[in-house]
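# Structure assessment
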Amino acid sequence: MRIEELNQKLKSHLTDDGIEFLKDNDLLKSYIREIIISDQIKNLPLTTDDKQKGVKAFMERNNLRNKEELEKFRTEKGFDLKVLEGKILKPIKIQTLANKLFSSQANTRFNQRKDALDLVVYSLLRTKQKELALELYFRIESNEVEFSKIAEKYSQGEERITKGIIGPIPFSQGNPLLMNKLKSLRQGELLEPFALDGWWIVLRLENIISTKFSESIKLQMCIEMLEEFLDLESEKKMSLLINGNSGAV
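We now turn to the structure provided with this report. (Residues numbered from 1 in each chain as written. Predicted model: local features only at pLDDT ≥ 70, side-chain atom pairs only at ≥ 80, totals over all residues. Heavy atoms only, no water.)

### What to know about the overall build of the protein
Regarding its fold elements, the protein presents eleven helices and four strands. Relative to the compact-globule value of 18 Å for 249 residues, the protein shows a C-alpha radius of gyration of 25 Å, a clear excess of over 25%. If one aligns the C-alpha atoms of the protein with their principal axes, the spans along those axes are about 70 × 50 × 35 Å. Relative to its full complement of 249 residues, the protein shows a buried share of 36%. When contacts within the protein are restricted to residue pairs at least 6 apart in sequence, long-range pairs at least 24 apart make up 71% of them. (Helix = DSSP H or I, 4+ residues; strand = E, 2+ residues; numbered from the N terminus. Rg over C-alpha atoms; globule rule 2.2 N^0.38 Å. Buried < 20%, exposed > 50% of the residue type's maximum accessible area, 1.4 Å probe, protein only. Contact = heavy atoms within 4.5 Å.)

Following this line, the structure appears as structure tokens:
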């Protein structure tokens, strides 16, 4: 989409005051992003199977059990059939667009991101007292008592509810320092107490679950790359609009 076309679309949607309002409230980039998405997906063909998946996913997201409830939802929201169809099919069209643009790059991205995508299961307990952390560590290390019982009784964090077990979670979702320590451990290895965010931590690696390249992971990689593409394009076009540049992008 050329910058002139984008500018025309904005002006067809909003007054000059409306555009200024979006700028002033840091909403212009998000608005441009939605225009870019709309432009990219408007002519994307979908198979019957894709449409059925879109309907099923939409109904699940909105806790709708059948077509009657879907129709009731439509009338309560005041959507006409075309608007409802657009809302139902937009997510599946975005997935289709992501696959179309980035499918060939998905495996390379997966290999680059694999360490962060792998899942980890670990046992953790935390206390504010260094001396208590050391005592508990030695009791676990000597097999005097199970980690789970120690964590349930002594841990001062929410992990006591799960007897110290956390996960499986992606490495990318955990505390970076904690995740780095876990990566250095062997399965079943117990780590001496260390300080983190005002706590003394006792940590044991239970298991690392290696993520395989599957269709769902492939789609995840494509969606990530699409999001990065949309963010970059939105930023570029917003900058051109604000700076008054009328060239093409």
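Don't stop here, the text continues.
### Quick word on the side chain of Arg109
If you trace the backbone, Arg109 turns up in helix H7 (residues 106–117). Beyond its immediate chain neighbours, meaning those up to four positions away, Arg109 contacts Met221, Glu224, Met225 and Glu228.

### Some thoughts on helix H5 (residues 67–77)
By the burial criterion, the buried members of H5 are Leu70, Phe73 and Arg74. Buried residues of H5, seen end-on, are gathered within an arc of 100 degrees and therefore sit on one face of the element. Residues of H5 that are exposed and point over 90 degrees away from its buried face: Glu68, Lys72 and Glu76. Close packing links the buried residues of H5 with helix H4 (48–61) and helix H6 (81–102). The opening residue of H5 is Asn66, an N-cap whose side-chain oxygen sits 3.2 Å from the backbone nitrogen of Glu68. One or two steps after H5, the chain reaches Gly78, where phi turns positive at roughly 75 degrees. (Arc of directions from axis to C-beta. Polar contact = N/O pair within 3.5 Å; in protein donor to acceptor, adjacent residues only side chain to side chain.)

### A short note on the packing of aromatic side chains
Within the structure shown, the criterion is met by five aromatic pairs. Taken together, the ring pairs in this structure connect Phe58, Phe73 and Phe79 into an aromatic cluster. The side chain of Lys181 reaches across the aromatic face of Phe194, ending 4.6 Å from its centre. (Phe/Tyr/Trp six-rings, centres within 6.5 Å; stacked < 30°, edge-to-face > 60°. Lys NZ or Arg CZ within 6 Å of the ring centre and 35° of its normal.)

### Looking at the nonpolar core
Membership of the largest hydrophobic core comes to 28 residues, with the highest contact counts inside it found for Leu6, Leu10, Leu28, Ile32, Met221, Leu226 and Leu241. Broken down by secondary-structure element, the contributors of at least two residues to this core are helix H1 (3–13), helix H2 (16–24), helix H3 (28–41), H6, H7 and helix H11 (215–243). Per-element tally for this core: the top contributor is H11, with nine residues. Not counting residues within four places of it along the chain, the set of residues in contact with Leu28 comprises Leu10, Leu22, Lys23, Met238 and Ile242. Membership of the second largest hydrophobic core comes to 16 residues, among which are Phe171, Leu185, Phe194 and Leu203. (Core = buried A, V, L, I, M, F, W, Y, C linked by side-chain atoms within 4.5 Å.)

### Quick notes on H2
Among all positions in H2, only Gly18, Ile19 and Leu22 are buried. The buried residues of H2 occupy one face: seen down the axis, they fall within an arc of 100 degrees. Looking at H2, the residues exposed on the side facing more than 90 degrees away from the buried face are Asp17 and Asp24. Buried residues along H2 sit against H1 and H3. Taken from the residues just after H2, Asp26 is the one with a positive phi, measuring 55 degrees.

### Looking at the pairing of strand S4 (residues 199–209)
Pairing analysis gives nine bridges linking strand S1 (residues 119–127) to S4, with the strands arranged antiparallel. Considered in S4, the bridge of Leu125 is made with Val202. Sheet topology places strand S3 (residues 190–196) next to S4; five bridges connect them, and they run antiparallel. Its bridge partner lying in S4, Ala195 is registered against Trp200. Hairpin connection, S3 to S4: the antiparallel pair is bridged by two residues, and Asp197 has positive phi, about 50 degrees. (Pairing = 2+ DSSP bridges.)

### What to know about the sheet that holds S1
Across a sheet, strands are paired by hydrogen bonds formed along the backbone, either parallel or antiparallel in direction. An order of S2-S1-S4-S3 is seen for the four strands of this open sheet, with the pairing classed as antiparallel. With one partner strand each, in any of the chains shown, strand S2 (165–170) and S3 form the two edges of the open sheet. Each strand axis lies, on average, 35 degrees off the axis of its neighbour in the sheet, ignoring direction. Together, S1, S3 and S4 form the strand contacts of helix H9 (residues 147–154), whose direction differs from that of S1 by roughly 50 degrees. Along the sheet face, helix H10 (residues 176–183) touches S1, S3 and S4 and points at about 115 degrees away from the line of S1. (Axes fitted to C-alpha atoms, helices over the stretch in contact; angles between N-to-C directions.)

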